[in-house]
Protein chains: 2
Amino acid sequence: MKQESRLSADAPDSPDSPGTVRPGGRTAKVRAAVLEATREALVTQGFHALNMDRIAAAAGVGKTTVYRRWGSATGLVADLLRDMAEQSLPAADTGSLDGDLRANAELVLATLTDPRMGPVFQAVIAAAACDEQCAAALHGFYATRLREWARVVERAAARGEVPAGTDPAELVRAVSAPLYYRFAISREPLTGADAERAVTAALAAARAGAFI
Amino acid sequence: MKQESRLSADAPDSPDSPGTVRPGGRTAKVRAAVLEATREALVTQGFHALNMDRIAAAAGVGKTTVYRRWGSATGLVADLLRDMAEQSLPAADTGSLDGDLRANAELVLATLTDPRMGPVFQAVIAAAACDEQCAAALHGFYATRLREWARVVERAAARGEVPAGTDPAELVRAVSAPLYYRFAISREPLTGADAERAVTAALAAARAGAFI
């Protein structure tokens, strides 16, 4: 994957600021290669070992381009989080709130326990704890995800599956929170039973009117 | 505080391994000074700027002592977490589960929004994401806290306030998780309303049998 995205004909000083080339053109390819190299570096070395020169080399992109477009390692992490939000999957639509929230919990579980994505999330959480730009980008990522998944609660409210006035984002947060707590805070194992319990508990709370 | 704990008569090579001096004696004073300097460095500079020599100097303790007893910056963070667990407050006993869980949520809220403890928690969460020794120490800290607060659920179960078979630690995790999610993951503001909602939701879920 990293080899495939390598851009051998890199010309660091060519005009490549956003808007000067067509979407999907050179600018997009450079961004994809640099963000892939950033992700790889986060997985293998973590946030604090991020090095702009090594990332440029791994992406096959000129250093000048990387410094000009991303500025710093935290700029790379922030743009990776924007890309993750852009690329993220649409919310489920299974026909029931229970089914949709279960799909959400399973997606969070699969992501955090994935041998590649788990370390990326550890790294971006650490980056956010150390740097304001990364914190804002992490906030932006979850704002996008909460907005997207809030739609399943809005649909459920229209079907009468939750009390009127239920805050959609609060219910979605309640499903994710126990999984992230084990993953990043109490550092406990994360299993299917945890995902299941998170959904059951969040739904029971919603039905009792806890998110109004 | 830092000045008070300064040990001017430090002798780096004196025998100070645990057990060789009385509790509360020189060993304990050295530990208190070094951990206080570590905490201060985490607040002002964050985990990745931790520097053993600067911490030794700030604590007024010889470098040799600090290197011999803590080994590395991650060893300092791990011992700070052990100390935080040892020093942490006993669980509330207000007479009702609602009151006890509310006290727990308010304690978590007060800690995470405290101008001094908030940054310490950001730093130890980042440290855990970067280092296995710190991750194990953070796990140990929350294991201690969960064990302590599980007692309020055990007492409530004896009073019949939650269904028989409710997992005490799961209920306590459910109160903390939404607060930590906002603090370290979605990076959203954390207010009294969030603490209140966390308790209401966790109790409703417990009463519906979600933690059996």
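Refer to the preceding data block for the structure.
Structural notes, computed from the coordinates.

Rules used in this analysis
Residues numbered from 1 in each chain as written. Chains lettered and ligands numbered in written order. Predicted model: local features only at pLDDT ≥ 70, side-chain atom pairs only at ≥ 80, totals over all residues. Heavy atoms only, no water. Helix = DSSP H or I, 4+ residues; strand = E, 2+ residues; numbered from the N terminus. Buried < 20%, exposed > 50% of the residue type's maximum accessible area, 1.4 Å probe, protein only. Areas by Shrake-Rupley, 256 points an atom, 1.4 Å probe, with all protein chains shown as cover. Phe/Tyr/Trp six-rings, centres within 6.5 Å; stacked < 30°, edge-to-face > 60°. 1 Å grid on protein atoms, 1.4 Å probe; cavity = no way out; pocket = protein on both sides within 12 Å on 5 of 7 lines; lining within 4 Å. Points joined across faces, edges and corners; volume = space filled by probe spheres on them. Nonpolar A, V, L, I, M, F, W, Y, C, P; charged D, E, K, R; others polar. Domains from an automatic or database assignment. Salt bridge = Lys/Arg side-chain N within 4 Å of Asp/Glu carboxyl O.

**Quick word on the overall build of chain A**
On a plain count of helices and strands, chain A comes out with 9 helices and 0 strands. Listing each helix as α and each strand as β along chain A from the N terminus yields α-α-α-α-α-α-α-α-α. Burial analysis of chain A (212 residues in total) assigns 54% to the buried set. When the accessible surface of chain A is summed, it comes to about 9,000 Å², and 55% of that surface belongs to carbon and sulfur atoms.

**Let's talk about the packing of aromatic side chains**
Enumeration over the complete set of coordinates arrives at 10 aromatic pairs over all chains. Within the aromatic cluster, the residues linked to one another by ring pairs are F121, F141, Y142 and Y180 of chain A together with Y181 of chain B.

**Some remarks on the layout of surface pockets**
All names here are of chain B. Estimates place the volume of the largest pocket at around 860 Å³. Lining the largest pocket are 37 residues, with D83, M84, Q87, S88 and F141 positioned closest to its centre. Elements that contribute at least two residues to the lining of the largest pocket include exactly α1 (26-45), α3 (63-70), α4 (73-87), α5 (97-112), α6 (117-130), α7 (132-158) and α8 (168-185). Broken down by element, the lining of the largest pocket gets its largest block of residues, 8 residues, from α1. Across the lining of the largest pocket, the residue classes break down as 20 nonpolar, 7 polar and 10 charged. Per-domain counts for the lining of the largest pocket show at least three residues from each of domain 1 (3-84) and domain 2 (92-207). Considering only enclosed or pocket space, the second largest pocket measures out at about 430 Å³ in volume.

**Thoughts on the pattern of salt bridges**
In a structure, side chains of opposite charge can pair up when their charged atoms sit close to one another. Taken as a whole and judged by the stated rule, the model has 42 salt bridges over all chains. D83 of chain B serves as the salt-bridge partner of R31 of chain B, at 4.0 Å between the closest nitrogen and oxygen. Taken together, the positions of R31 of chain B in helix α1 and D83 of chain B in helix α4 put the pair 52 residues apart, joining distant regions of the chain. Of the charged contacts in the structure, one is a salt bridge between R39 of chain B and D83 of chain B, with a shortest N-O distance of 3.7 Å. Of this pair, R39 of chain B sits in helix α1 while D83 of chain B sits in helix α4, placing them 44 residues apart in sequence. For the pair shown, R39 of chain B and D83 of chain B are each scored as buried. Residues joined by salt bridges that share partners form a network here, namely R31, E36, R39, E40, D79, R82, D83, E86 and R116 of chain A.

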